[in-house]
Amino acid sequence: MGSKKAEIVEIRKISFANYLFLIFNILQYEKLVLDKDGNIKKTEFVVEGRKQPLEEIRKKTLKLHEKFMRVKPDEFYDEMPREQLVSRLKELNEYDENDGLTKMRKKLKKMERTRHLQIWHDHSTLANHGHILFMVSCLYDPAVHLTSLEYKLETGEEVDVQTEVEKPEIYVVGRCRSSDTEQLAYIESRLCCLQHLQRNLSTEKKGCMIEINDKMRFFHGDSPAQNFESGQQKGGYYYCSGCGVHASRVFELDHTFKCKFVSLKDRQDRVLKGVIGRRNSVNKKSKPLSNLKKQDLIHELASRGIFQGDTKKELEDNLTNELQGVQRVPALLFENPTKDLKDINIEDYEVLVCEPMHDVSKHIENVLTELPSHIENTEHKKLIEETVALTIGGKETKRAFDYRCAIINVSNRMKGVVDAKVQALVDTLVDIQEILYKGDDQRCPRNVLRLHNSTWYHAILCREVLGFKLNEMTTRKFYGTYFHDLTAHAPLQLRLVSGKTANTEEEERMFNTVKSITSSTSNGHPDHIIGNLFIRLQAEEQLGKSRTTVAKQESQVSKLAKSLGPRPNTIIPIPVIMKHARSWQAHLQRIADFLLPGKGIWWCQKEGGIEFFDSQCALKGRSEGPILHHYRSSNHKIEESYLHTCWNECLEKKLCIPSHVIWTEDKHGKVTKEATGFLNDEGPGSHEDEVDITVSIDTAQLLTPDDLQEEEDEDVIMFNLVPDDESILHPKGDD
């Protein structure tokens, strides 16, 4: 990134007619670029914006949400009897039997006085000029806020508390292009606001005054915004901002599920591990490890303990595979790459990988586009195409709401007509979209299990019904980021936070409002757009014109879904389990906490398959466990460790595991295969075989769809889905 050259305007606060905004620095930067002749050229660019300070947003939302909050004096906690403390902590799934009375009181008081925030941003064009919009919202937390039922009992009013609490507030409106270089110019201002999180805010309710602590917890947004925030490359082989999966293996579930979540600290360490990466990051290069000379590549790899590779291409490939798409340090560390996350108050900050609105709607679009071409029966094919056309065919702008209605209508009209696998493919997608739009009050163990089962079975059915020789789109597009986010990340994310919280529909709608205001009230001049927007957006909010149609749309989708009738428990057929044994075990490892209570609690064996008790008629939770964790005390890496421990416990206790074969790995990496006797008549027994599951990326790239051959219990399919020239060292799709 270029260096700052001059500040054209100083920051100053303006407040009038109850409208508040901050004039952001209009900053002029210099950057070095290569022209078409290969010569280095110095150019200048200007970023300009205005913001409502984060502290002002915190104060404003605290005032608005006071009526929804559990405000209690210190004496309340000091006098709470043990039984009441234990009951409340169990209600929040935060009870630890090893905690003493004093520790429990401190824990509960801290949880009920800590709010969590999340941020969103996106880039779009307004009046032929690129603009970036930032919004901030509070996260609903039943430890901090009343439930809708509690609020109704207290006030007599029917209010969706989560919806009210999580309404986003305008934070920054800035003018810049879509390149990382220009968007990173706003980081300095964001860091100033984060420093103020150290200052607690005071709130009062019914004469009780307490201090509230705020933490920045999540970022949510579409894939390009996630990549910018986390420092991941855009496109290429490693496009996922959540894990290091290779693009050619996203549908290989036994591999994908083993890819660990990459935290912001992991990303910082990965970039700074090498001497060149550290040096260029400190010098504020937006892509510190791209376009390195051969000698620099050798030096960088050697500092990482990698000494393979002779040619420059081999060295670049080695570095690409080492970084797994990490392009630079996370955005908030750009100004000071070696800074400790805690020093800038983002030690708990995570990027949410699954954003339901984009992932659900785009995957539904892909399925409805591709599915008809794989239906042999002409009448059945026509039925699907007619249903889609009647639902969304005449609409110029197709919303996520429209695609959700379309998949429900298709499921309804296909019932009892098409092949069972085709029906199951659509039905699992109906389940996925429904669960990912539910609020926190519906986030329960049963629905977590249902989403795990539905996403896994849906992925398998996509392979069996649609395969890899697609007719309407490329394999890379169908089995791309939307498929991967839903199948790999959505279930684990639901263990921490509801899909409704992760959804960005409210924020995305704001861009429509912004474009409407700009076209109808602005003269189109860049200097006039931002100030005009800030004033009018705040005016519309105060006048009550900024209401959205989310509740109405959810009501319509809910009524439409009722036409499908009650959906049964998930049943995974035995042939599917036998055929996809590796993927099946990977799935069982991710639901190991549901296996720990034993057979008959959350699952049972029935003729023809394994049945999970995850329908709406089943209990939301069971006394045998598991308990549901929460973002206030857990994170993605903790959840991964927890599930790993649960799986090992299942093996150590020799519990009944619904699989005919289990692969285990020792500390030396040797994998052994053991037959369990489950699902067959041979009875218990075992035999051990050494299994080589290490396959290099180079081998994967050499395979083609014609080379694919599935074995009965092997689930390894790889082929080149990405052009050879796409890599972190030669990224595409980024200015």
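Because the structure is predicted, anything quoted here is derived from the model rather than measured.

Enquirer: Which parts of the structure should I look at to understand the overall build of the chain?
Expert: Within the chain, the secondary structure is distributed over 30 helices and 17 strands. Taking all 735 residues of the chain together, 56% fall into the buried category. Pairs at least 24 apart in sequence give 70% of the contacts found in the chain among residues at least 6 apart.

Enquirer: Please explain unusual backbone geometry as it appears in this structure.
Expert: Among all residues except glycine, the phi angle is most often negative; among peptide bonds, the trans geometry is most common. Residue glycine 625 is joined to proline 626 through a cis peptide bond whose omega torsion reads 0°. Here proline 626 shows up in the loop between strand S14 (609–612) and helix H29 (636–652). Even without being glycine, asparagine 128 reaches a positive phi, approximately 65°. Within the secondary structure, asparagine 128 is located in the loop between strand S6 (114–126) and strand S7 (129–138). Taking the relative accessible area as the measure of exposure, asparagine 128 reaches 76% and is therefore exposed. With a phi angle near 55°, asparagine 291 is a residue other than glycine that sits in the positive phi range.

Enquirer: So what exactly am I meant to see when it comes to the pairing of strand S8 (residues 169–175) here?
Expert: Along any regular strand, the residues point their side chains to alternate faces of the sheet. For S8, the tally of buried residues reaches seven of seven residues, placing the bulk of the element in the interior. Two elements, S7 and S8, share six bridges in a ladder whose sense is antiparallel. For valine 136, the partnering residue across the bridge sits in S8 and is glutamate 169.

Enquirer: Would you mind going over the sheet that holds S14 with me for this structure?
Expert: What links the strands of a sheet is backbone hydrogen bonding, and the strands pair in either a parallel or an antiparallel sense. A sheet is described by the order of its strands in space; here three strands give the open sequence S12-S14-S13, paired in antiparallel fashion. Edge positions in the open sheet fall to strand S12 (570–573) and strand S13 (603–606), since each of these has one partner strand only. Between one strand axis and the next, the sheet turns through 25° on average, direction left out of account. Lying on the sheet, helix H19 (residues 445–466) is in contact with S12 and S14; it crosses S12 at an angle near 35°.

Enquirer: In this structure, what is going on with the environment of glycine 235? I would like to understand it.
Expert: Position of glycine 235 among the secondary structure elements: in the loop between helix H9 (223–230) and helix H10 (253–256). Sequence spacing of glycine 235 and proline 224 is 11 residues, and the spatial spacing of their C-alpha atoms is 9.0 Å.

Enquirer: What is the right way to read the packing of aromatic side chains from this model?
Expert: To describe a pair of aromatic rings, you give the distance between the ring centres and the angle between the ring planes. Scanning the entire structure with this criterion turns up 15 aromatic pairs. Seen in terms of ring centroids, phenylalanine 478 and tyrosine 479 are 4.9 Å apart; in terms of plane orientation they differ by 75°. Their pairing is edge-to-face. No difference in accessibility class separates phenylalanine 478 from tyrosine 479, as the two residues are buried. Residues tyrosine 479 and phenylalanine 483 carry aromatic rings whose centres are separated by 5.0 Å and whose planes lie at 80° to one another, so their mutual orientation is edge-to-face. Just as tyrosine 479 is buried, phenylalanine 483 falls in that class too.

Enquirer: Is there a simple way to explain the nonpolar core in this structure?
Expert: Nonpolar side chains in soluble globular proteins tend to end up buried together. Core analysis: the biggest nonpolar cluster contains 87 residues, and Leu371 and Trp456 have the highest contact counts within it. The element that contributes the greatest number of residues to this core is H19, accounting for 11 residues. For leucine 371, the contacting residues outside a window of four places in its chain are Ile384, Val422, Leu425, Val426, Val465 and Leu466. In terms of nonpolar packing, the next biggest core, distinct from the first, is built from 43 residues, Ile119, Phe134, Leu264 and Ala331 among them.

Enquirer: Could you clarify how one ought to interpret the confidence of the model for the chain in this entry?
Expert: Any residue range with low pLDDT should be treated as having predicted coordinates unsuitable for detailed reading. Scored by pLDDT, the chain comes out at a mean of 86, with 85% of its residues at no less than 70. The model gives residues 4–19 a pLDDT under 50, and that stretch makes 43 contacts with residues more than four places away or in other chains. Counted against residues more than four places away or in other chains, residues 681–735, with its pLDDT under 50, gives 131 contacts.

Enquirer: Please explain the side chain of serine 137 as it appears in this structure.
Expert: By secondary structure assignment, the location of serine 137 is in strand S7. The class for serine 137 is buried, based on a relative accessible area of 2%.

Enquirer: Any chance you could explain the pairing of S7 here in plain terms?
Expert: Counted residue by residue, S7 has nine buried out of 10 residues, so it is predominantly covered. Here 10 bridges tie S6 to S7, and the two strands are oriented antiparallel to one another. Its bridge partner being in S7, histidine 121 is matched across the sheet by phenylalanine 134. Hairpin connection between S6 and S7: a loop of two residues separates the two successive antiparallel strands, and alanine 127 in this loop has a positive phi of roughly 50°.

Enquirer: Sorry if this is basic, but what is going on with the pattern of salt bridges here?
Expert: For the structure on display, the rule yields 48 salt bridges. The closest approach of N and O atoms between lysine 109 and aspartate 74, which form a salt bridge, is 3.8 Å. One end of the pair, lysine 109, is in helix H4 (residues 101–111); the other, aspartate 74, is in helix H2 (residues 74–78), with 35 residues separating them in the sequence. With relative accessibility at 24%, the residue lysine 109 sits in the partly exposed group. Overall, aspartate 74 belongs to the partly exposed group, its relative accessible area being 34%. One salt bridge connects arginine 509 with glutamate 505, and the closest N-O pair in it is separated by 3.3 Å. In this pair, arginine 509 and glutamate 505 both sit in helix H23 (residues 505–521), four residues apart, roughly one turn of the helix. Looking at glutamate 505, the relative accessible area reads 10%, which means it is buried. Overlapping salt bridges bring together Asp431, Glu434, Lys438, Arg450, Arg567 and Asp614 as one network.

Enquirer: Would you explain helix H16 (residues 378–393) in this entry?
Expert: Owing to its 3.6 residues per turn, the α-helix aligns residues three or four sequence positions apart on the same side. Here H16 is 16 residues long, yet its end C-alpha atoms lie only 20 Å apart, well below the 22 Å a rise of 1.5 Å per residue gives. Here the buried face of H16 lies against helix H15 (356–370) and helix H17 (400–414). Measuring from the backbone nitrogen of glutamate 379 back to the side-chain oxygen at the start of H16 gives 2.9 Å, which picks out asparagine 377 as the cap.

Enquirer: I would appreciate a short explanation of the state of the cysteines in the present structure.
Expert: Covalently bonding the sulfur atom of one cysteine to the sulfur atom of another cysteine gives a disulfide. One pass over the full model with this rule turns up zero disulfides. Unpaired in this structure, cysteine 650 has its nearest cysteine sulfur neighbour in cysteine 646, at a distance of 6.9 Å. Look at cysteine 650 and you get buried, because its relative accessible area is 1%.

Enquirer: Quick question: what am I supposed to make of the side chain of asparagine 503 here?
Expert: Relative to the helices and strands, asparagine 503 is located in the loop between helix H22 (499–502) and H23. For asparagine 503, a relative accessible area of 10% puts it in the buried group. Reaching out from asparagine 503, the side chain makes a polar contact with the backbone nitrogen of glutamate 505 at a distance of 3.1 Å. When sequence neighbours within four positions are dropped, the list of residues in contact with asparagine 503 reads His220, Glu355, Pro356, Met357 and Tyr437.

Rules used in this analysis
- Residues numbered from 1 in each chain as written.
- Predicted model: local features only at pLDDT ≥ 70, side-chain atom pairs only at ≥ 80, totals over all residues.
- Heavy atoms only, no water.
- Helix = DSSP H or I, 4+ residues; strand = E, 2+ residues; numbered from the N terminus.
- Buried < 20%, exposed > 50% of the residue type's maximum accessible area, 1.4 Å probe, protein only.
- Contact = heavy atoms within 4.5 Å.
- Pairing = 2+ DSSP bridges.
- Axes fitted to C-alpha atoms, helices over the stretch in contact; angles between N-to-C directions.
- Phe/Tyr/Trp six-rings, centres within 6.5 Å; stacked < 30°, edge-to-face > 60°.
- Core = buried A, V, L, I, M, F, W, Y, C linked by side-chain atoms within 4.5 Å.
- pLDDT = per-residue confidence, 0-100.
- Salt bridge = Lys/Arg side-chain N within 4 Å of Asp/Glu carboxyl O.
- Expected span 1.5 Å × (residues − 1).
- Polar contact = N/O pair within 3.5 Å; in protein donor to acceptor, adjacent residues only side chain to side chain.
- Disulfide = S-S within 2.5 Å.

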